[in-house]
Amino acid sequence: MEVARREILSRSVLTRTGIPGYRWCLNPYVGCEHGCSSCYAAFMKRFTGHREPWGAFVDAKVNAPEVLRRELRRAVPGPVLVGTVTDPYQPLERRYRLTRRCLEALAERRLPTNVLTRSPLCVRDVDVFCRFRELSVGLSIPTHDDAIRRLFEPHAPPIGSRLAALRTLRREGISTYVFAGPLLPMDPARFVEAVGDAADTVLVDRMNYAGKVAAIYRRAGLADRLEDGWFEETAGSLRRGFEARGVDVEILF
C-alpha cells in the first residue's frame, strides 16, 4: 500500500487525557503506517482531514521536540502516555527520531512515562529509557501466531521481533509489559509460553471490533472467536497461565 508521508508543524503536542492514571498523552506522528485493521485510532481521520485510508498516511510533527520542551516549562507535572493514537516507533521514526527527542525532554523533567508500541525499534532508545526515574515500555502483542498477525496486522513487525525486543528491554532493567489487545485468535497456553517472563505485567483487552474486522474473521472461518464466551475463556486461561509464572495480569474488560 502506498503511504503518503508529510512533514507538518504542530502548535501543541502535550495533550490532556482522560485515561486513568495519566495526565498527559503525547503523539509525535499523525496516522500510523502499521495500519492495523483493528486499530481504534482510525477515528482520528474525522479530525485530521485525511482522505487516505487508515494506514496510508503519516504526518511527522517535525517541531514536536521543541514544542514539547516549551510546553513542559509551564505544564502541571503528571504521568505521560506516549503513543495513544499513533505508534511512536513506526518506520518514519528511524529517520526523524521525534519520539527519541521527545523522550529526552521528558526524562530531563523526570516525568513518569509509559511508552506503547508494536515495534522493536524501541530497543534503539534503551539509553534514553535508563535516564528516567519512572518508566515502562509496552509491546502490543495480541496473538502468538504470525499467520493470524498477517491477517489483521500485515504491515506491523512480526511477533517474534516484538518478543525479542521485550526480552532485551527486560535485561537492561526496563520495566516492561505486554498489551494483549485487542485479543486476536490464539492458543492461550502457547501465548503464555511465548511471552514467558519477558514482561512484568500483561494487560488483556477485548476492545470493540468494527464491521470490517469481523468480516476478516468470517472470511478466515474464525467467527466463533468473536463470541463473548471465547473472550472470557481465553482471558481466564491467560490469567491462570501468567499468574502461575508470577506475572501480574490485568483484564480490562
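The structure this text deals with has already been given above.
Description of the structure in this document. (Residues numbered from 1 in each chain as written. Predicted model: local features only at pLDDT ≥ 70, side-chain atom pairs only at ≥ 80, totals over all residues. Heavy atoms only, no water.)

A word on the overall build of the chain. Scanning the chain from N- to C-terminus turns up ten helices and eleven strands. Taking 18 Å as the expected radius of gyration for a compact globule of 253 residues, we find that the chain reaches 18 Å, a close match to that expectation. Scored against the burial criterion, the 253 residues of the chain give a buried share of 54%. Intrachain contacts of the chain at a sequence separation of at least 6 include 74% that bridge at least 24 residues. A total accessible area of about 11800 Å² is found for the chain, and carbon and sulfur atoms account for 48% of it. For the chain, the distance from the average position of its 39 positive side-chain charges to the average position of its 31 negative side-chain charges is 6 Å. (Helix = DSSP H or I, 4+ residues; strand = E, 2+ residues; numbered from the N terminus. Rg over C-alpha atoms; globule rule 2.2 N^0.38 Å. Buried < 20%, exposed > 50% of the residue type's maximum accessible area, 1.4 Å probe, protein only. Contact = heavy atoms within 4.5 Å. Areas by Shrake-Rupley, 256 points an atom, 1.4 Å probe, with all protein chains shown as cover. Lys, Arg positive; Asp, Glu negative; His and termini not counted. Charge placed at Lys NZ, Arg CZ, Asp CG, Glu CD.)

One can find A105 in helix α4 (residues 98–108). Judged by relative accessible area, which is 1%, A105 ranks as buried. Beyond its immediate stretch of four places on either side in the chain, A105 contacts L68, R69 and L72.

Moving on, we come to the sheet that holds strand β5 (residues 57–61). Judged by pairing direction, the sheet is mixed, and its three strands sit side by side in the order β1-β5-β4 without closing on themselves. The open sheet is flanked by β1 (4–8) and β4 (29–30), the only strands paired with a single partner. With five bridges connecting them, β1 and β5 associate as parallel partners. Each residue of the ladder has a partner; that of I8, found in β5, is K61. (Pairing = 2+ DSSP bridges.)

We now examine the packing of aromatic side chains. Under the definition given, this model contains eight aromatic pairs. Seen in terms of ring centroids, F191 and F242 are 6.2 Å apart; in terms of plane orientation they differ by 85°. Their pairing is edge-to-face. Of this pair, F191 sits in helix α8 (residues 188–195) while F242 sits in helix α10 (residues 228–244), and the two are 51 residues apart along the sequence. In this structure F242 comes out as buried when scored by relative accessible area, which is 0%. An angle of 80° between the planes, with centres 5.7 Å apart, marks the rings of Y209 and Y217 as edge-to-face. What makes Y217 buried here is its relative accessible area of 0%. Each residue in the set F152, Y209, Y217, W230, F231 and F253 is aromatic and connected to the rest through ring pairs, giving one cluster. Sitting over the ring of W24, R16 keeps its end group 5.6 Å from the ring centre. (Phe/Tyr/Trp six-rings, centres within 6.5 Å; stacked < 30°, edge-to-face > 60°. Lys NZ or Arg CZ within 6 Å of the ring centre and 35° of its normal.)

Our focus in this paragraph is the sheet that holds strand β7 (residues 113–117). Read across the sheet, eight strands follow the order β2-β3-β6-β7-β8-β9-β10-β11 without closing on themselves; strand pairing throughout is mixed. Two strands bound the open sheet, and with one partner strand each, they are β2 (14–16) and β11 (248–251). On average, adjacent strands in this sheet sit at an angle of 25° to one another, irrespective of strand direction. Two elements, β2 and strand β3 (residues 24–26), share three bridges in a ladder whose sense is antiparallel. The partner of T15 across the bridge, within β3, is C25. In the packing of α10 onto the sheet, the strands contacted are β10 (201–204) and β11, and the crossing angle to β11 comes to about 165°. (Axes fitted to C-alpha atoms, helices over the stretch in contact; angles between N-to-C directions.)

All right, on to the pattern of salt bridges then. Under the counting rule described, the total for this entry stands at 19 salt bridges. Note that D59 and R6 form a salt bridge whose closest N and O atoms lie 2.7 Å from each other. On the criterion of sequence distance, the pair formed by D59 in strand β5 and R6 in strand β1 is long-range, its members being 53 residues apart. With a closest N to O distance of 2.8 Å, D146 and R149 form a salt bridge. On the criterion of helical spacing, the pair formed by D146 and R149 is a turn pair, its members being three residues apart in helix α6 (residues 146–152). (Salt bridge = Lys/Arg side-chain N within 4 Å of Asp/Glu carboxyl O.)

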